[in-house]
Amino acid sequence: MRDWERYVLDNLSLPKLRPERERRIARELAAQLEDFYREAISEGMSEDDAVRHAELQIESWDDMADEVSRSDRPNYQPRALRWADAARDPGRSRFHRAFSSWMRFDPIVLRRLLRTPRFLTVALLVLGLGIGATTAMFSVLHSVLLSPLPYDNPEQLVFVWESRDEGSRRSSVSLGNFEAWRASTSGDPALAAARWRAFNITGGNRPYRVDGLEVSSGIVAILGEHMAHGREFLPSDERPGAEAVCLVSHSFWQQRLGAREELAEIELILNGRGHRVVGVLPEGLEVPGTGPSPILTPLTLDPDHPGFWNNHNARVLGRLAGGRSTRQASERLSRVASRLEREYPEWNQGIGVEFVPAREQLVRGARQTLWMLFGAVGFTLLIACVNLAGLLLARAARAEVDVAVRVALGAERSAVVRLFLSEALVLSFGGGLLGLLVAFLGIKAIQLWGPANLPRINEITMSPPVLLFAIACAMVTGLLFGLAPAIRSTRVDLQTTLSKAGRSPGLASHHRMQRMFVVAEVAIAVVLLNCSG
């Protein structure tokens, strides 16, 4: 005989209904089809004709699904819970059914929390501040220390310094040494120099001052970028007496120059001298370690200038050729430095060369401080978890009789544990959402009022890894402060608890664990104080 229920399930798709409701509807339709089949058999049809007669009673399964869906809308299941009900299907494994049972949300959790608004408010504020501060600190750590530099092949970028006292200290580079290094390397590694310079810009409605850079030719190419408009500096722009030209940043070009593309018609008066704008830098491009620079002018290489050899005030940036290590490049330039020491002993006595990877150079001064701050914020969040664990433990003590009654009426102890863990996870979820807001505001505050020497401060943002960290932080936090009351709820003595139900709330049995939380909190605070000095 035809399995009509399987026939209906294969043809009727009702994904928005709960699985048990879908099976019930399938059984009802199958019974009707079987009645049609039996009626056809009784009228003398063959078995195949009777089956076909029953199948033709439903002309369109899609129309049937739409009709059932409209009439059964109250039994719709939220999309987020469909997978859990599917996992509770008796045909699934015991592990699937147990897992879905644990993941099933009980509305009583929200009712329990809403009955204590003061506790709910305090818990959300504590968690929001703790998770928010930790997330904000992680965003700084991720952007400054863990993320690669925002350049093409950033591992090839290096800083080149003059080394002194047999390599025990380093200093900036003189223009004479830079020119000699660049001429001897023939582009392997490619080198460029930069030094700070302030510019007074006049000629408009109101003069103003900006901090810019003097840079050598090829610096944009070394950073692996292309000009947004125009060209970058050429070697001829570095010669004494060359035409006065300049580059402008993308933001300066938009805000001050009206995003005009006719660069040849734009002239800026810098420090009393007219400079023709020849190029616009790519959006957001900064020379590593210098910060935003709206104006760049060519670095004049004049061997007759008195400070060409004795002024050590330039930063040299290089890009290694593919496959070449800093050691190989350093050995090559060290031979040049030895030659310069022999030729110019009055300027280069004891001066060598040191290569430092750009990322290491930029974060060297902040690495230890940032890790210590992140650890301190993490310990602060741990203290918040201990505090909330104590509060939840007190709530569990007051609910001890209620738990005993549930167990006495047949509730599994795993269901009681799930109730307390769900309460903790709901709190951590709410605290995580509030923490994201706190972290966003914290990042803005760091960028506005953070220390000026913090590298890559403008790159700090709420990136996807930071959001994943916030989610993980909220989940782990919920488990940390929810585990103790959940475990304690499994140790309820039914006879003792129910016998004292009318006399006291039964808090005494929880004092030992609460004292442990206090000791742990004090210990963590002592560690923080010792680390802070």
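Within every chain, residues take consecutive numbers counted from 1 along the sequence as written. In view of the model being predicted, local features appear only for residues whose pLDDT reaches at least 70, and side-chain atom pairs are presented and counted only at 80 or more, with totals across whole chains, interfaces and linings using the full set of residues. Where side-chain values are given, they derive from all heavy atoms of the structure, hydrogens and water being excluded.

> Provide a residue-level description of the overall build of the protein chain, including the pertinent values.
When its secondary structure is counted, the protein chain shows 21 helices and 12 strands. Buried means the residue's accessible area, taken with a 1.4 Å probe over protein chains only, is under 20% of the maximum for its type, while exposed means over 50%, and partly exposed covers the values in between. Within the span of the protein chain, comprising 533 residues, buried residues form 42% of the whole. The contact definition used throughout considers only heavy atoms, calling two residues in contact when any of these lie within 4.5 Å. For the protein chain, the share of sequence-separated contacts (at least 6 apart) that also reach a separation of at least 24 residues comes to 75%. Each accessible area is a Shrake-Rupley estimate made with a 1.4 Å probe; only the visible protein chains count as cover when residues are assessed. Of the roughly 28,900 Å² that the protein chain leaves accessible, carbon and sulfur atoms contribute 55%. Each helix corresponds to a stretch of at least 4 residues labelled H or I by DSSP, and each strand to a stretch of at least 2 residues labelled E; elements are numbered beginning at the N terminus.

> If you had to explain the environment of Phe308 to someone new, which residues and values would you point to?
Structurally, the position occupied by Phe308 is in helix α12 (residues 307-310). Here the alpha-carbon distance between Phe308 and Asn177, two residues 131 residues apart in the chain, equals 8.7 Å. Those residues in contact with Phe308 that lie beyond four places of it in its chain are Ser174, Leu175, Gly176, Glu179, Leu301, Asp302 and Pro303.

> Outline helix α1 (residues 4-11), supporting the account with residue identities and numerical values.
Those residues of α1 that sit buried are Trp4, Tyr7 and Val8. Buried residues of α1, viewed axially, fall in a sector of 95°; they line one side. This arc is built from the directions going out from the helix axis to the C-beta atoms.

> Can you tell me about a negative patch on the surface, naming the residues and giving the values?
Taken together, the side chains of Glu59, Asp62, Asp63, Asp66 and Glu67 make up a negatively charged region of the molecular surface. Within the element layout of this structure, Asp62 appears in helix α4 (residues 61-71). Candidate patch residues must exceed 30% relative accessible area and have no salt bridge, after which like charges are joined if within 9 Å and Val, Leu, Ile, Met, Phe, Trp or Tyr side chains if within 5 Å. In what follows, salt bridge is the name for a side-chain nitrogen of Lys or Arg lying within 4 Å of a carboxyl oxygen of Asp or Glu. The charged-residue count follows a simple rule in which Lys and Arg add positive charge and Asp and Glu add negative charge, with His and chain termini not counted at all. The atom standing in for a charge is NZ when the residue is Lys, CZ when it is Arg, CG when it is Asp and CD when it is Glu.

> Got a sec to walk through a nonpolar patch on the surface? Specific residues and values, please.
Together, Phe379, Leu382, Val476 and Leu480 make up an exposed nonpolar region whose accessible area comes to about 310 Å². Every element with two or more residues in the nonpolar patch is listed here: α16 (367-398) and α19 (464-489). Relative to the helices and strands, Leu480 resides in helix α19.

> An account of the side chain of Arg164 is requested, with residue identities and associated values reported.
Here Arg164 shows up in strand β1 (residues 157-164). For Arg164, a relative accessible area of 18% corresponds to the buried category. N or O atoms within 3.5 Å of each other form a polar contact, as long as, within protein, one can give a hydrogen and the other can take it, and as long as residues adjacent in sequence are counted only when both atoms are side-chain atoms. A distance of 3.2 Å separates a polar atom in the side chain of Arg164 from a polar atom in the side chain of Glu162. Side-chain polar atoms of Arg164 contact the side chain of His312, separated by 3.4 Å. When residues no more than four places from it in sequence are discounted, the contact partners of Arg164 are Arg169, Ser171, His312, Gly350 and Ile351.

> Summarise the state of the cysteines; cite the residues concerned and give the values.
Cysteine sulfur pairs qualify as disulfides if the two atoms are within 2.5 Å. Applying the stated criterion across every chain, the model contains zero disulfides. Cys385 takes part in no disulfide bond, and the closest cysteine sulfur to it belongs to Cys473, at a distance of 7.6 Å. With relative accessibility at 10%, the residue Cys473 sits in the buried group.

> Account for the confidence of the model for the protein chain, naming residues and giving values.
Every residue carries a pLDDT, the predictor's confidence in it, which falls somewhere between 0 and 100. Per-residue confidence for the protein chain averages 81 on the pLDDT scale, and 79% of its residues sit at or above 70. Scored below 50 in pLDDT, residues 77-84 makes 11 contacts in the model with residues more than four places away or belonging to other chains. This model gives residues 502-509 a pLDDT under 50, and the stretch forms 11 contacts once residues within four places in sequence are excluded.

> Any details on the pattern of salt bridges? Residues and values, ideally.
Counted under the stated rule, the structure contains 16 salt bridges. Of the charged contacts in the structure, one is a salt bridge between Glu360 and Arg364, with a shortest N-O distance of 2.8 Å. Three or more residues joined by partner-sharing salt bridges are found here, namely Glu179, Arg182 and Glu238.

> Pulling in residues and values, what's your account of the environment of Ser249?
Position of Ser249 relative to the elements: it lies in the loop between β7 (245-248) and α11 (250-255). In this structure Ser249 comes out as buried when scored by relative accessible area, which is 9%. Sequence separation of Ser249 and Pro292 is 43 residues, and the distance between their C-alpha atoms is 8.4 Å. Residues contacting Ser249, with those up to four places away along its chain left out, are Val280, Leu281, Ser293 and Pro294. Of the polar contacts made by the side chain of Ser249, one reaches the side chain of Ser251; its length is 3.4 Å.

> Hey, could you go over the packing of helix α9 (residues 175-185) against helix α13 (residues 326-343) for me, with residue numbers and the actual values?
Two numbers describe a pair of packed helices, the interaxial angle and the distance between the axes. Here, axes are lines fitted to C-alpha atoms. For helices the fit covers the stretch in contact, and angles between N-to-C directions go from 0 to 180 degrees. Following both chains from N to C, one finds α9 and α13 inclined at 130°, their axes separated by 10 Å at the closest point. The orientation of α9 relative to α13 falls into the category oblique. Handedness of the crossing formed by α9 with α13: right-handed. Touching Asn177, Ala180, Trp181, Ser184 and Thr185 of α9 are Arg332, Leu333, Val336 and Leu340, all from α13. Classification convention: Asp, Glu, Lys, Arg as charged; Ala, Val, Leu, Ile, Met, Phe, Trp, Tyr, Cys, Pro as nonpolar; all other residues, Gly among them, as polar. Across the contact of α9 with α13, the residue classes tally to five nonpolar, three polar and one charged. Roughly parallel refers to an angle under 35 degrees, roughly antiparallel to one over 145, roughly perpendicular to one between 65 and 115, and oblique to any angle outside these ranges. Definitions for this section: a left-handed crossing has its near helix turned counterclockwise from the far helix by less than a right angle. A right-handed crossing has that turn clockwise.

> Lay out the environment of Leu120 in plain terms, naming residues and giving numbers.
Its place among the elements puts Leu120 in helix α8 (residues 117-146). Judged by relative accessible area, which is 19%, Leu120 ranks as buried. Sequence separation between Leu120 and Leu427 is 307 residues; the distance between their C-alpha atoms is 7.8 Å. Discounting residues that sit within four places of it in the chain, Leu120 has contacts with Leu113, Leu114 and Leu427.

> I'd like a description of unusual backbone geometry, backed by residues and values.
Not every positive phi belongs to a glycine, and Asn153 is a case in point at roughly 45°. Here Asn153 is to be found in the loop between α8 and β1. Looking at Asn153, the relative accessible area reads 35%, which means it is partly exposed.

> Please set out the pairing of strand β5 (residues 208-215) residue by residue, giving values where relevant.
One requirement defines pairing of two strands: DSSP has to find at least two bridges between them. Here eight bridges tie strand β4 (residues 190-202) to β5, and the two strands are oriented antiparallel to one another. Bridge assignment links Asn200 to a residue of β5, and that residue is Arg209. Hairpin connection between β4 and β5: a loop of five residues separates the two successive antiparallel strands, and Gly203 in this loop has a positive phi of roughly 100°.

> Can you break down the side chain of Ser330 residue by residue, with the values?
In this structure, Ser330 sits in helix α13. Apart from residues no more than four positions distant in its own chain, Ser330 is found in contact with Val353 and Phe355.

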